[in-house]
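This is what each chain is made of:
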Amino acid sequence: MSQAEPLIDRVLRTLIHGLVTFVYRPRYIDFDKIPESGPAILISNHVSYMDGPLINAGCRRVVHYVIDEDIYNVPGVNFIMKRAQAIPIAPNRKSVEHAFNLISEALRRGEVVCIFPEGFLTFTGGLGRFRPGIEWIIKRDPVPIIPIVLSGLWGSVFSRQYRGSWRRFFPRRWLRGHVAIKCGDVVDPSRGQVNELQDIVMKLKYSF
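Remember, predicted model here, so these are calculated numbers, not experimental data. Residue indices follow the written sequence of each chain, beginning from 1 at its first position. For this predicted model, a pLDDT threshold of at least 70 governs which residues receive local features, and a threshold of 80 or more governs which side-chain atom pairs are given and counted, while totals over whole chains, interfaces and linings are taken from all residues. Note: side-chain values were computed over all heavy atoms of the structure, leaving out hydrogens and water.

## Looking at the overall build of the protein chain
Selection rule: In this text, helices come from DSSP runs of H or I with a minimum length of four residues, and strands from runs of E with a minimum of two, each type numbered from the N-terminal end. Any residue under 20% of the maximum accessible area for its type is buried, any over 50% is exposed, and the rest in between are partly exposed; the area is computed with a 1.4 Å probe on protein chains only. When checking whether two residues touch, look at their non-hydrogen atoms; a contact exists if any pair is within 4.5 Å. Accessibility throughout is a Shrake-Rupley quantity obtained with a 1.4 Å probe, and a residue counts as covered only by protein chains that appear here.
Along its length, the protein chain carries seven helices and seven strands. Helices and strands appear in the protein chain in the N-to-C order α-β-β-α-β-α-α-β-α-β-α-β-β-α. Put simply, the protein chain has 208 residues, and 47% of those count as buried. Here the analysis covers contacts within the protein chain between residues at least 6 apart in sequence; of these, 76% occur between residues at least 24 apart. When the accessible area of the protein chain is evaluated, it comes to approximately 11600 Å², of which 57% is carbon and sulfur surface.

Take a look at the structure:
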């Protein structure tokens, strides 16, 4: 049974949702496929540092995001991540085991966890190879999986298209109204093999 969300967290989440919606004016497609109760894992492509807030703005439920530990510890960001009960992870055995335990605890409380199985922001705008961690998580806790794809964020200041270049601050077009986020059909955990999940997300990416 998931715990009630504290008032301060509801207020913070509402403020972030409002800001994200105002700035990007995202279009949400089939987000009613996310179950209203019970545990679930959201898996998504990873295009920009705004992917989590954008997905979150379309969800009625509290979502726990698995996030790179370095980003989690950035001053200011850290306060928001702690309030959101995000799960930090780093590429070492101790951190991975701890993160997997926190993911399992959240799922067994009936909550929703979002994972970016590529493990990093795309350098090309395309879909990178999924890492095996998602498969291990699902084997440990076989819960419904909801694939999600973000479109229209490549080339934004928070993406890597112009990494290290001043051009990133002068996008060729404004993103407002061009961002779309789509949920695919719920995937049974029996289909939780990493290659099949990557194929599902890839097909969803080209279904727009």
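## Focus on unusual backbone geometry
Of note in the backbone geometry, R25 takes a positive phi value of approximately 45 degrees without being a glycine. By the element assignment, R25 lies in the loop between α1 (7-24) and β1 (27-29). Given the relative accessible area of 48%, R25 is considered partly exposed. We note that D30 has phi near 60 degrees; this positive angle belongs to a residue other than glycine. Residue position: D30 is located in the loop between β1 and β2 (40-44).

## A closer look at the pattern of salt bridges
Heads up, the rule is: Criterion for a salt bridge: a side-chain nitrogen of Lys or Arg within 4 Å of a carboxyl oxygen of Asp or Glu.
Tallied over the entire structure, the rule returns eight salt bridges. A salt bridge links E111 to R109; its shortest N-O distance comes to 3.0 Å. Residue E111 is classed as buried on the basis of its relative accessible area, which comes to 9%. We classify R109 as partly exposed; its relative accessible area is 27%. For R191, the salt bridge goes to E196, with nearest N and O atoms at 2.7 Å. Here the salt bridges do not stand alone but share partners, grouping D30, K33 and D185 into one network.

## Observations concerning the nonpolar core
Stated precisely, the cut-off is as follows: Residues belong to one nonpolar core when they are buried, are Ala, Val, Leu, Ile, Met, Phe, Trp, Tyr or Cys, and are joined through side-chain atoms within 4.5 Å.
Counting 25 residues, the largest nonpolar core has I41, I43, I103, I134 and L197 as the members making the most contacts within it. Residue assignment for this core shows that the elements contributing at least two residues are β2, α5 (93-108), β5 (112-115), α6 (133-140), β6 (145-151) and α7 (194-205). Once you skip the residues sitting within four places of it in the chain, I43 turns out to touch I115, P117, F130, I134, I145, I146, P147, I148, L197 and V201.

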